[in-house]
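Each chain is listed here by its residues.
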Amino acid sequence: MSLGFRVSGRIGKPVAEVFDAVVNPKKLSGYFTTIGGASAPLRTGTGVVWWGKVPVEVDEVVKDRRIVLRWDATDADGRPAYKTRIEMNFEPLDDGGTFVTIAESGWQEGEVGLKKSYLNCEGWSQMLACMKAYVEYGINLRDGYYRSEMKGEPANESNV
C-alpha cells in the first residue's frame, strides 16, 4: 500500500481560466512557484522546472479537464528516492465556477513517507487557496506570507 491524499476547492471562474492558471508558467509563477518560477507550459510528455530547481514530469494534459504530473519523493536524507503522482482534475460547475481536485499518491509507507505526504498535502491545500485568491481577485497570497517567502527561498521542509 502507498500513502496519498486529495484536496479540493471551488474557484469562482470558468474552467478554461482556472486550467490556464496552472498550465501557463507566467500565471503559475504569480501565486505558486513565485520564487524561481515555472520554466515552461505544462504539455504532455515534457518536463518543466518549478521554483528554479524542482524537476516535474508532465505525463498528461487534457485541456480544461486534467493534468497528471510526477516528481521526486525524497528519502530521510533529502535524496530523490522514487516518484509520486499528482493528478489535478477540473470540473466545470453549473454556476460558472470550477471545482478543482488535486490528489498526490505513491509515498512509501513508514514515518518518512507519512511526514512528507503531510507536508505536500499542506502545500497543495495552500496552492488551492493561493490560486483562488489569484484567479478571482489578482492577489498573490504567498507574497510575504510563508517563512520561505519572507526569506526569498522556495519552500522546503526546514522553512515552511
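This text goes with the structure placed above it.
Please read all numbers here as calculations on a predicted model, not as lab measurements.

Draft legend 1. Structural detail: the nonpolar core. One finds Trp50, Met88, Trp124, Met127 and Met131 to be the most contacted residues of the largest nonpolar core, which totals 38 residues. Other than its neighbours up to four places away in sequence, Met127 contacts Val22, Leu28, Tyr31, Phe32, Met88 and Ile102.

Draft legend 2. Up close: the side chain of Thr33. Within the secondary structure, Thr33 is located in the loop between α2 (25–28) and β2 (47–50). A polar side-chain atom of Thr33 sits 3.3 Å from a polar atom in the side chain of Ser29. Look past the residues within four positions of Thr33 in its chain and what remains in contact with it is Leu28, Ala38, Trp50 and Trp51.

Draft legend 3. Just helix α3 (residues 111–137), in detail. An ideal rise of 1.5 Å per residue puts 39 Å on 27 residues; α3 measures up with 39 Å between its terminal C-alpha atoms. Immediately beyond the C-terminal end of α3, within one or two residues, lies Gly138, with a positive phi of roughly 75°.

Draft legend 4. Region of interest: the pattern of salt bridges. Tallied over the entire structure, the rule returns 13 salt bridges. In this structure, the salt-bridge partner of Glu57 is Arg70, at a minimum N-O distance of 2.7 Å. In this pair, Glu57 is assigned in strand β3 (residues 54–62) and Arg70 in strand β4 (residues 66–74), connecting sequence segments 13 residues apart. Here Glu87 and Arg66 are joined by a salt bridge, their closest N and O atoms 2.9 Å apart. Separated by 21 residues along the polypeptide, Glu87 in strand β5 (residues 80–92) and Arg66 in strand β4 bring together distant segments of the chain.

Draft legend 5. Spatial organisation of a nonpolar patch on the surface. Together, Tyr137, Ile139 and Leu141 line one region of the surface with nonpolar side chains, adding up to about 310 Å² of accessible area. Note that Ile139 resides in the loop between α3 and α4 (147–151).

Draft legend 6. Layout of the packing of aromatic side chains. Applying the stated criterion to the full structure yields 10 aromatic pairs. A ring pair is formed by Trp50 and Trp51, whose centres lie 5.8 Å apart and whose planes are at 90°; its orientation type is edge-to-face. Like Trp51, Trp50 is buried. On the basis of an interplanar angle of 85° and a centroid distance of 5.9 Å, the ring pair of Trp50 and Trp71 is categorised as edge-to-face. With Trp50 in strand β2 and Trp71 in strand β4, this residue pair connects regions lying 21 residues apart in the sequence. Overall, the relative accessible area of 0% leaves Trp50 in the buried class.

About the cut-offs
- Residues numbered from 1 in each chain as written.
- Predicted model: local features only at pLDDT ≥ 70, side-chain atom pairs only at ≥ 80, totals over all residues.
- Heavy atoms only, no water.
- Core = buried A, V, L, I, M, F, W, Y, C linked by side-chain atoms within 4.5 Å.
- Buried < 20%, exposed > 50% of the residue type's maximum accessible area, 1.4 Å probe, protein only.
- Contact = heavy atoms within 4.5 Å.
- Helix = DSSP H or I, 4+ residues; strand = E, 2+ residues; numbered from the N terminus.
- Polar contact = N/O pair within 3.5 Å; in protein donor to acceptor, adjacent residues only side chain to side chain.
- Expected span 1.5 Å × (residues − 1).
- Salt bridge = Lys/Arg side-chain N within 4 Å of Asp/Glu carboxyl O.
- Patch = residues over 30% accessible without salt bridge, like charges linked within 9 Å, V, L, I, M, F, W, Y side chains within 5 Å.
- Areas by Shrake-Rupley, 256 points an atom, 1.4 Å probe, with all protein chains shown as cover.
- Phe/Tyr/Trp six-rings, centres within 6.5 Å; stacked < 30°, edge-to-face > 60°.

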